[in-house]
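Topology and contacts: notes
Here is what each chain is made of, one letter per residue.
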Amino acid sequence: MAAAPEDLTVAEVRLTPVLVADPPLLNIQGVHQPYTPRLIIEVVTAGGATGLGETYGDTEYLGPARLLADALVGRRVTDLNGLPALADRVCGDSPDATDAGTVHAVATSGTVDAVATVDAAGLRGARTAGKLRRSVLSGFEVACLDAWGRATGLPVHALLGGRVRDRVEYSAYLFYRWAAHPGDRGEPDDWGAALDPAGIVAQARRFADRHGFTSFKLKGGVFPPDREIAAIRALAAAFPGQPLRLDPNGAWTVETSLRVADELRDVLEYLEDPASGTDRMARVAARAPVPLATNMCVTAFEEIPEAFARGAVQVVLSDHHYWGGLRSTRELAALCRTFGVGLSMHSNTHLGISLAAMTQVAATVPNLDFACDTHYPWQTEDVLTERLTFRDGHLDVGDAPGLGVTLDRDRLAALHRRWLADDGTHRSRDDAAAMRRADPGWTAPAVPRW
Ligand code: GKR
Ligand code: MG
């Protein structure tokens, strides 16, 4: 006898690693590779609902993901409070960022060899096995919520307690970039290079015209600070009064951070991770005339007490992948509210499932104080039948069941075939390796760099 549609028991979990085209975006660690890995998670209930989740797809995430997928079968998608303990139990001894390990069979692709490249770790803050586990867990939590919502006809935001806004604002995420990857690898695009203030302003205009963004974040740490100050000044002249942010991913000394903060005090909404580590951030924050934001020194609950006690950050940039999912993002929001710390969201290269998840949780958080940033416009490929569309720099928060997005199986299969065909070069993000294709002697600089 067929199971009743309301049977929310997990019957199957499908994991599909994919490689997604990524442009040559520059940061302190190097340059984005032509393809970046993501993991697509499908949680299928006995009642026939399929929920979607997405998280990092680097090789080191796949082993823990397989373990958690197997352990989820037979549990209910509503059992979300039990998920963290389950992940700790089944993935507890999984490899962390510095420890190579066996990658377990991936449902649709057989066994893969371990390629334990340490990726651009610095850009995601200090790496621990616990954080890796929470990033894996986040994709499963989202997939469970999506399945639950689809089975019951409720949007994910309703399962989180309901939305407090009808649309979520995003900012344009500007990058210094090359016109093409070295050797013309990867998928071509028509953005051209952006390596100076004029190039950054042109990029911002295109983002504004195409998506209606009115706030702008520039990824810094690529050029000496004065060059990046000039780019922010050029943006301020081109978009007077509009919110601007600069994020050098911890590239600067305390003194340099203070000088940049002072020079841009009249135009910056906040300065993002000017210096690396809680201690340096606290020393900058003590004297800086602008608020400091972070997605590097506060990326987990255990990092909050010291950072908040020392006043090291005025804005935490949540990322539901780091924080273990949508419900723990709401817990983070409550802590930020309690301590008078602002909240926003940053992103890493991601697809539409993650963007839909970001939007659902952002819609439920009362104290979302700033526009969220997203890489999504840089991704020309997706695994959805319909891409999410920004209007006036916002995404509408709909009432469609679950996340409100539909998987395009052909696209998923095509991006998975690319992953299968890859020799391991792109299966873990490695911006330094990508940079070495252009400059064989290049190594990611130690921080502080300037
Ligand atoms: O994609 O190059 C990038 C970013 O630098 C990303 O890795 C960071 O994690 O966007 C993130 C940030 O705000 O630091
Ligand atoms: Mg950042």
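Residue indices follow the written sequence of each chain, beginning from 1 at its first position. All chains are assigned letters beginning with A, and all ligands numbers beginning with 1, in the order in which they are written. With pLDDT at 70 or above as the cut-off, local features in this predicted model cover only qualifying residues; side-chain atom pairs require 80 or more to be listed or tallied, and sums for whole chains, interfaces and linings still use all residues.

1. Digging into the overall build of the protein
Looking only at helices and strands, the protein features 14 helices and 14 strands. Summarising its shape, the C-alpha atoms of the protein cover approximately 70 × 50 × 40 Å along the three principal directions. To assign burial, the other C-beta atoms lying within 10 Å of each residue's own C-beta are counted, with C-beta atoms placed from the backbone; 20 or more indicates buried, 12 or fewer indicates exposed, and intermediate counts indicate partly exposed. Across the 450 residues that make up the protein, the buried fraction comes to 54%. Think of it this way: any DSSP run of H or I at least four residues long counts as a helix, any run of E at least two long counts as a strand, and we number them from the N terminus.

2. Here we look at helix H12 (residues 352-364)
Between the first and last residue of a helix there are one fewer steps than residues, each counted as 1.5 Å, and that sum is the expected span. Helix length check: H12, at 13 residues, gives a terminal C-alpha distance of 19 Å against a target of 18 Å (1.5 Å per residue), a fit within 8%. Counted residue by residue, H12 has 13 buried out of 13 residues, so it is predominantly covered.

3. Here we look at the UniProt feature "domain: Mandelate racemase/muconate lactonizing enzyme C-terminal" (unreviewed entry) in the protein
Cross-referencing UniProt, the feature "domain: Mandelate racemase/muconate lactonizing enzyme C-terminal" (unreviewed entry) maps to residues 197-291 in the present numbering. This span, residues 197-291, is 52% helix and 14% strand, and a straight line between its end C-alpha atoms measures 24 Å. UniProt positions are given in the numbering used here, feature names are shortened, and annotations may be inferred rather than shown by experiment.

4. Thoughts on the site of ligand 1
Each residue gets a C-beta atom placed from its backbone. Should that atom fall within 6 Å of a molecule or strand, the residue is termed near it. Around ligand 1 sit 13 residues, and of these Asn27, Leu123, Asn295, His346 and Asn348 come closest. Formed jointly, the shell around ligand 1 draws a minimum of three residues from each of two domains, domain 1 (5-157 + 408-422) and domain 2 (163-396). Reported domain spans reflect what an automatic or database domain assignment gives.

5. Here we look at the domain arrangement of the protein
Here the protein is partitioned into domain 1 (5-157 + 408-422) and domain 2 (163-396). Taken over C-alpha atoms, the centre of domain 1 sits 24 Å from the centre of domain 2. Opposite the 42 residues of domain 1 that make contact, domain 2 presents 49 residues. If one sorts the elements of the side of domain 1 that touches domain 2 by residue count, helix H3 (residues 129-152) sits on top with 8 residues. Class assignment for the residues of the side of domain 1 that touches domain 2 results in 23 nonpolar, 10 polar and 9 charged. By the convention adopted here, residues make contact when the C-beta atoms placed from their backbones lie within 7 Å. Classification used: nonpolar for Ala, Val, Leu, Ile, Met, Phe, Trp, Tyr, Cys and Pro, charged for Asp, Glu, Lys and Arg, polar for all others including Gly.

6. Some points on helix H11 (residues 326-339)
Relative to the 20 Å expected for 14 residues at 1.5 Å per residue, H11 spans 20 Å between its end C-alpha atoms, a close match to the ideal helical length. The complete set of buried residues in H11 reads Leu326, Arg327, Ser328, Thr329, Leu332, Ala333 and Cys336. Looking at the buried positions of H11, the neighbouring elements they touch are H3, strand E11 (315-318), helix H10 (320-323), strand E12 (342-345) and H12. Of the residues trailing H11, Gly340 is marked for its positive phi of about 65°.

7. Thoughts on the packing of H11 against H12
Axis angles are defined between N-to-C directions and span 0 to 180 degrees, where every axis is a line fitted to C-alpha atoms and, for a helix, only to the segment in contact. Two elements in contact, H11 and H12, have axes separated by 10 Å at closest approach and are oriented at 40°. Both H11 and H12 take part in a crossing whose hand is right-handed. Where H11 abuts H12, its residues Leu326, Thr329 and Arg330 lie against Ala357, Gln360, Val361 and Thr364. For the contact of H11 with H12, the residue count by class is 3 nonpolar, 3 polar and 1 charged. Crossing chirality is assigned from the near helix's rotation relative to the far helix, an anticlockwise turn below a right angle marking it left-handed and a clockwise turn marking it right-handed.

8. Examining the confidence of the model for the protein
Within a predicted model, pLDDT stands for the predictor's per-residue confidence, ranging from 0 to 100. Of all residues in the protein, 92% have pLDDT values of 70 or greater, and the mean over the chain is 93. Overall, residues 96-121 carries pLDDT values under 50, and its contacts beyond four positions in sequence, including any with other chains, amount to 61 contacts. Two numbers describe this predicted complex: its pTM, 0.93, and its ipTM, 0.96.

9. Notes on the environment of His375
Mapped onto the secondary structure, His375 falls in the loop between strand E13 (372-373) and strand E14 (394-396). Separated by 31 residues in sequence, His375 and Thr406 place their C-alpha atoms 20 Å apart. Ignoring sequence-local partners within four residues, the contact set of His375 consists of Tyr173, Ser347, Asn348, Thr349 and His350.

10. Topic: the environment of Arg436
With respect to the helices and strands, the residue Arg436 is situated in helix H14 (residues 431-438). Linking Arg436 and Val260, residues 176 residues apart in sequence, is a C-alpha distance of 29 Å.

11. Brief notes about the environment of Glu42
As for its placement among the helices and strands, Glu42 is situated in strand E4 (residues 35-45). Judged by local crowding, Glu42 falls into the buried class, with 21 C-beta atoms found within 10 Å.

12. Focus on the sheet that holds strand E1 (residues 10-21)
Whether two strands pair depends on DSSP finding at least two bridges between them. Strand order across the open sheet formed by 3 strands is E1-E4-E5, with antiparallel pairing between neighbours. The open sheet terminates on both sides in strands that have one partner only, identified here as E1 and strand E5 (50-56). Ignoring which end each strand starts from, the neighbouring axes of this sheet average 20° apart. The strands touched by helix H1 (residues 59-72) within the sheet are E1, E4 and E5, with E1 carrying the most contacts at an inclination of about 160°. Packed onto the sheet, H3 meets E4 and E5 and runs at close to 160° relative to E5.

13. Side note on the pairing of strand E6 (residues 167-175)
For E6, a buried count of 8 out of 9 residues is recorded, marking the element as mostly surrounded by other parts of the structure. Bridging between E6 and E14 involves 3 bridges; their strand directions are antiparallel. Bridging across to E14, Arg167 finds its partner in Asp396. Strand direction decides the pairing type here: E6 and E13, joined by 2 bridges, are parallel. Note that in E13 the partner of Tyr170 across the bridge is Cys372. Looking at chain direction, E6 and strand E7 (residues 216-219) are connected through 4 bridges and run parallel. Within the sheet, the bridge partner assigned to Ala172 lies in E7 and is Phe216. Handedness of the crossover is the feature at issue here: the chain leaves E6, passes through helix H5 (residues 197-211), returns alongside E7, and the resulting connection is right-handed. Whether a crossover is right-handed depends on one test, that the path from the first strand over the helix to the second runs clockwise when the strands point away from the viewer.

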